[in-house]
Amino acid sequence: MIWLTWRQHRGELFGAAAVLTLLGALVLAHGIPMHHRYDQDGIAACQVMADGIDEGCARALEAFRSSYEALPLQVAAWLPFLPAVVGILVGAPLIAREFEQGTWQLAWTQSVTKRQWVRRRFALVFAGVLLVSLAVAAIVSWWFEPLAPHAFTPERFNNGLLVFPAYVLFACALGAMNGTLLRRTTPAAAATLAAFLAVRVPIEFVARAHYRTPLTTTGPGQAQGWIVSDRYSGPANGIVPTDVTVSYHPADRFWQFQLIEASIFIGLAAILVLVTYRVLVGTRTTPPRSAAQLPHPALTASP
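Now for a quick tour of the structure. Please read these numbers as outputs of a predicted model, since none were measured by experiment.

How each quantity is defined
- Residues numbered from 1 in each chain as written.
- Predicted model: local features only at pLDDT ≥ 70, side-chain atom pairs only at ≥ 80, totals over all residues.
- Heavy atoms only, no water.
- Phe/Tyr/Trp six-rings, centres within 6.5 Å; stacked < 30°, edge-to-face > 60°.
- Helix = DSSP H or I, 4+ residues; strand = E, 2+ residues; numbered from the N terminus.
- Buried < 20%, exposed > 50% of the residue type's maximum accessible area, 1.4 Å probe, protein only.
- Lys NZ or Arg CZ within 6 Å of the ring centre and 35° of its normal.
- Axes fitted to C-alpha atoms, helices over the stretch in contact; angles between N-to-C directions.
- Parallel < 35°, antiparallel > 145°, perpendicular 65-115°, else oblique.
- Left-handed = near helix turned anticlockwise from the far one by under 90°.
- Nonpolar A, V, L, I, M, F, W, Y, C, P; charged D, E, K, R; others polar.
- Patch = residues over 30% accessible without salt bridge, like charges linked within 9 Å, V, L, I, M, F, W, Y side chains within 5 Å.
- Areas by Shrake-Rupley, 256 points an atom, 1.4 Å probe, with all protein chains shown as cover.
- Salt bridge = Lys/Arg side-chain N within 4 Å of Asp/Glu carboxyl O.
- Disulfide = S-S within 2.5 Å.

Topic: the packing of aromatic side chains
The geometry of an aromatic ring pair is captured by two quantities: the separation of the ring centres and the angle between the planes.
Step number 1: Applying the stated rule across the entire model yields 16 aromatic pairs.
Step number 2: Between Phe152 and Phe254, the ring centres sit 6.1 Å apart and the planes meet at 75°, which makes this aromatic pair edge-to-face. Placement of Phe152 in the loop between α7 (114-144) and α8 (154-157) and of Phe254 in helix α11 (residues 254-282) is noted, with a sequence separation of 102 residues between them. Of the two residues examined, Phe152 and Phe254, each falls in the buried class.
Step number 3: Here a set of aromatic residues connected by ring pairs shows up, and it is made of Phe152, Phe157, Tyr211, Trp226, Phe254, Trp255 and Phe257.
Step number 4: Lying across the ring of Phe99, Arg183 places its NZ or CZ 4.1 Å from the centre.
Step number 5: Positioned over the ring face of Tyr167 is Arg200, at 4.1 Å from the centre of the ring.

Considering the packing of helix α9 (residues 163-182) against α11
Step number 1: Interaxial distance between α9 and α11 falls to 8 Å at its minimum, and their mutual angle equals 20°. The angle between α9 and α11 falls in the class roughly parallel. Considering how the two elements wind past one another, α9 and α11 form a crossing that is left-handed.
Step number 2: Classifying every residue of the contact of α9 with α11 by side-chain character gives 20 nonpolar, three polar and one charged.

Digging into a nonpolar patch on the surface
Step number 1: A surface patch of nonpolar side chains, about 890 Å² in accessible area, is lined by Trp78, Phe81, Val85, Leu89, Leu193, Leu197, Val201, Phe205 and Val206.
Step number 2: Elements with a minimum of two residues in the nonpolar patch: α5 (82-101) and α10 (185-207).
Step number 3: By residue number, the principal contributor to the nonpolar patch is α10, which donates five residues.
Step number 4: Mapped onto the fold, Leu193 is located in helix α10.
Step number 5: Since its relative accessible area comes to 33%, Leu193 is described here as partly exposed.

Quick look at the state of the cysteines
Step number 1: Taken as a whole and judged by the stated rule, the model has one disulfide.
Step number 2: Across the disulfide from Cys46 sits Cys57; the S-S distance is 2.1 Å. Negative torsions about the S-S bond denote left-handed disulfides, and the value of about -70° found for Cys46 with Cys57 makes this one left-handed. Placement of Cys46 in helix α2 (residues 43-47) and of Cys57 in helix α3 (residues 55-68) is noted, with a sequence separation of 11 residues between them.
Step number 3: The exposure class assigned to Cys46 is buried, which follows from its relative accessible area of 7%.
Step number 4: Look at Cys57 and you get buried, because its relative accessible area is 9%.

Here it is, written out as structure tokens:
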């Protein structure tokens, strides 16, 4: 079973290893001098100040960002789609490929029972996906740290050690379920992308801000964290208002929010895996009548 899973998914494994190698090399080449400059110029202290009050800090921040910000932000623009790519390339073919190639007739009529086959296949594939996604999250989180004034910025939060692997597991489970229901890889891939975005986007832009009740303060300079909203108030006689009420989540809520959002996506992934398992176990298996009807053993593995 392990050998067969390796043969069928070695392409994805080699691809993941190549991506990790390239990403690691890129991050180290860019991140080591960036972190050194970050510590040397005292950028961390400048970032917590109120919007460039200190002129020296403003110049230091501008010089630091102009030197190091462009490349990480370009990469960050594409990273939110990476979990969906995993769902399309790994999750969607996981079961759909067995139906398309007819290899389910051989795989599900051997000494290993269908239940054992499904459990082991899912355990091996999802464990590999989890390990790779954790490595990506660790690399990217370290890379983005000097560029964000607080951990709630999308670049840091969406690639955090808890939520990023949860996104990947959800996308992979979604792809596996779609592949099981549709039994074709291409339609399953399209359905996986659409469903992933339909869940992922509202959670980030609508639900996330309401995980806990925001705190309020009377000035943006006092809000150290994620500013959810601000409201201006003052005399209605044409004078520019000077009173600002800010709603925000303090920076120390970062890991709470990470845990809440990761729990949502892991819970959804668990439900999808359970549905897929129930459908597969309930699928009727009719053994071929003769050996001539069996698919060639070579079809059970990718070339």
